[in-house]
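# Structure assessment
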Amino acid sequence: MVPNRDTDPIEWRIHAMCERVNGAQQAGYYYYNIPINELRGGAKVLVDGREMSMFASYSYLGLIGHPRINAAARKAIDDFGTGTHGVRTLAGTLILHREMEETIAEFEGMEDTITFSSGYVTNLTTISTLVGRHDYVFSDKLNHASIVDGCLMAGAKFIRFRHNDMEELDMRLGEAPSQVAKLVVCDAVFSMDGDIINLPSVVELCKKHDAWLMIDEAHSIGVLGETGKGIEEHFGIEGAVDIKMGTLSKTIPSVGGYIAGSADMIKYLRHQSRAYIFSAALPPAQVAAAMEAFHVIRDEPWRVEKLRENTDLFIKGLQSRGFDTMRTETAIVPLLCGTDEKAFEMTRGIHERDVFVLPVISPAVPEGLARLRTTVTAGHEPEEIERVMDIFEQVGKNVGIL
Ligand SMILES: *Cc1c(COP(=O)(O)O)cnc(C)c1O
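In this report, the structure presented in the accompanying data block is examined.

### Considering the site of the ligand
In the vicinity of the ligand there are 14 residues, among which Y120, D216, H219, T247 and K250 approach most closely. Contact between the ligand and Y120: an oxygen atom at 2.8 Å from a main-chain N or O atom of the residue. Burial of the ligand by the protein chains amounts to 86% of its free accessible area of 380 Å². Element by element, the count of residues in the shell around the ligand is highest for helix α5 (residues 119–130), at three residues. Its residues assigned to classes, the shell around the ligand comprises two nonpolar, nine polar and three charged.

As structure tokens, this is what we get:
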């Protein structure tokens, strides 16, 4: 029985979502929450007894399962156990936390770093701790949900500007009263499209309008810049960003999020952020793994180089096969399919050939712009990339998007 929307809206919402999910599952178009049974090297996974090529991973440098990182995590369990004694502020801080934060600060070229239990929480708490009701926050329309939620939670005047549109950002900043605090927040690499923020212009506009600048480097650490240090290195403008946010769950194969910035700002967050004060510390194994990953990036620079070569091969190869890869310049490579249906058909055909990809449909992206959101990593070999691109081409022709 369909619940009554007016008398029980909660039950109605639950029912409506379950209908949608069940419908997709029955039609054989449900590709979310698929359990992986086993890791098979850098770029293969075992799913339901089948070995699949992974082309949907955020592990951009292929670091999941790296022996040094695994060993660091095991040692941390031996030394400290699997949990902490509570929140960081009270008994939860380990020497490992401080060593990790110093390692990240050095990597980022900032004075200090603070870490939180996830990247999502990092954006939520940092934005809402730094700005409040009488302030203005400016956010690119394609920014990640965690930034949007942080802005909403802050209760500040929330101004969204058209994606990467510097003229509009200039105008919006100019419209704000001069005596209010202003914060501009942008993704470095946009997570659905793979394109890069025009950082030099954003920096200039922040100077012109006396605004703080926060950049989310979730998809740029290990990906952009000669040594994988991210967007400042990419543009050669080190020291331009006030607040650098990153996650420990993508290129870094662990969990958690961080903010790198001035020592005073970090001290302020450590004593004012509710997510830091009222939520548990990251566990020892994950901290040790994260720290070791930064060391591996430094010691194995070939990974960043290989990712760059693989990205180039992948984007050019897909374009020459006739795919629309939209505006990507990075390891996130969308394959435009059009309707949600087409994206599902593409996914099914590709999964049948043992390649793991995922469709992104509305409302995550605008209607008519449904896509496969593929990723390439340093864990792939060029021959494997060629083989998979041939599969994409074959399926693309079968379903009629090529
Ligand atoms: C993944 C992601 C986050 C959230 O990070 P988690 O560590 O997964 O919570 C934040 N911002 C962007 C741009 C992301 O892609």
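### Focus on the side chain of H66
Locating H66 in the fold gives a position in the loop between β3 (50–54) and α2 (67–80). For H66, a relative accessible area of 8% translates into the label buried. Within the structure, H66 has its side chain in polar contact with the side chain of E300 (distance 3.2 Å).

### Topic: helix α10 (residues 263–272)
Taken together, the buried positions of α10 are occupied by M265, I266, L269 and R270. Along the long axis of α10, the arc covered by the buried residues comes to 140°, so they all point the same way. What points out from α10, more than 90 degrees from its buried face, is the exposed set D264, K267 and H271.

Calculation criteria
Residues numbered from 1 in each chain as written. Predicted model: local features only at pLDDT ≥ 70, side-chain atom pairs only at ≥ 80, totals over all residues. Heavy atoms only, no water. Near = heavy atom within 4 Å. Polar contact = N/O pair within 3.5 Å; in protein donor to acceptor, adjacent residues only side chain to side chain. Areas by Shrake-Rupley, 256 points an atom, 1.4 Å probe, with all protein chains shown as cover. Helix = DSSP H or I, 4+ residues; strand = E, 2+ residues; numbered from the N terminus. Nonpolar A, V, L, I, M, F, W, Y, C, P; charged D, E, K, R; others polar. Buried < 20%, exposed > 50% of the residue type's maximum accessible area, 1.4 Å probe, protein only. Arc of directions from axis to C-beta.

All we've got here are geometric facts, nothing functional implied.
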